Amino acid sequence: MKRKIAFLVLLLPLLALFSSCSKDKETYFGVESSTTINLGANDTQAQIKVDASNDVTWTVTNAPQWCKPDLITGSGRRTVNLSVQKNTTSEPRKAELVVVSFLGQVTVVVNQAAQ
């Protein structure tokens, strides 16, 4: 028990030192737009607004043939335009695009209504 207390006493000043250091810039990543996009059967466009610091590279994955992003990889704050084919079937469809960076990932669900 005494070892644990001694360890914590030594560790606390180090943690305080590192937490007090300020960074010149904040590193962040996310999606500014809604993570659910609902489209009509005849809609052919949608957008994903990626919100990231300039030093964060990201990739859009898991796009099906009917919902293609104009950017697969980017960095910083960008708008990804989606080209969506009209849904001429009697079944609604759903895509789960994933925007991935070293800071994490965000899933954007694209729902398209049936004809």
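Residues numbered from 1 in each chain as written. Predicted model: local features only at pLDDT ≥ 70, side-chain atom pairs only at ≥ 80, totals over all residues. Heavy atoms only, no water.

Taking an unreviewed UniProt entry as the reference, the protein chain is identified by name as BACON domain-containing protein belonging to Candidatus Merdimorpha stercoravium.

Okay, the sheet that holds strand E1 (residues 29-31) next. With antiparallel pairing, 4 strands are arranged side by side in an open sheet as E1-E3-E7-E5. Of all the strands in the sheet, the pair left with one neighbour each is E1 and strand E5 (67-69). Across the sheet, the mean angle separating the axes of adjacent strands is 25° when strand polarity is ignored. In the sheet, strand E3 (residues 45-52) pairs with strand E7 (residues 78-84) via 6 bridges, with the strands oriented antiparallel. Within E7, the position partnered with Gln47 by the bridge is Asn81. (Pairing = 2+ DSSP bridges. Helix = DSSP H or I, 4+ residues; strand = E, 2+ residues; numbered from the N terminus. Axes fitted to C-alpha atoms, helices over the stretch in contact; angles between N-to-C directions.)

It is worth spelling out the sheet that holds strand E6 (residues 73-75) at this point. Hydrogen bonds between backbone groups are what pair the strands of a sheet, and the pairing can be parallel or antiparallel. Taken in spatial order, the 5 strands make up an open sheet running E2-E9-E8-E4-E6, and their pairing is mixed. Because the sheet does not close on itself, it has two edges, and the strands there are strand E2 (36-39) and E6. Neighbouring strand axes in the sheet, compared pairwise and without regard to direction, differ in orientation by 20° on average. Strand direction decides the pairing type here: strand E4 (residues 57-61) and E6, joined by 3 bridges, are antiparallel.

A word on the pairing of E7. Of the pairings in the sheet, the one linking E5 to E7 comprises 3 bridges and is antiparallel in character. Residue pairing in the sheet places Cys67 in a bridge with Val84 of E7.

Ranked by internal contacts, the top residues of the largest apolar core, which has 23 residues, are Ile48, Trp58, Leu82 and Val110. Going through the elements one at a time, E1, E2, E3, E4, E7, strand E8 (93-101) and strand E9 (104-112) are the ones with two or more residues in this core. With 4 residues, E3 is the single largest residue contributor to this core. Once residues lying within four places of it in the same chain are set aside, the contact partners of Leu82 are Ile37, Thr44, Gln45, Ala46, Ile48, Cys67, Lys68, Pro69, Leu97 and Val110. (Core = buried A, V, L, I, M, F, W, Y, C linked by side-chain atoms within 4.5 Å. Buried < 20%, exposed > 50% of the residue type's maximum accessible area, 1.4 Å probe, protein only. Contact = heavy atoms within 4.5 Å.)

Summarising the element assignment, Asn81 is placed in strand E7. A residue is classified by how much of its surface remains accessible, and Asn81, at 33% relative accessible area, is partly exposed. Spatially, the C-alpha atoms of Asn81 and Asp70 are 5.5 Å apart, while their sequence positions differ by 11 residues. Every residue in contact with Asn81, bar those within four places of it in the chain, is listed here: Ala46, Gln47, Lys68, Pro69 and Asp70. Separated by 3.0 Å, the side chains of Asn81 and Gln47 make a polar contact. (Polar contact = N/O pair within 3.5 Å; in protein donor to acceptor, adjacent residues only side chain to side chain.)

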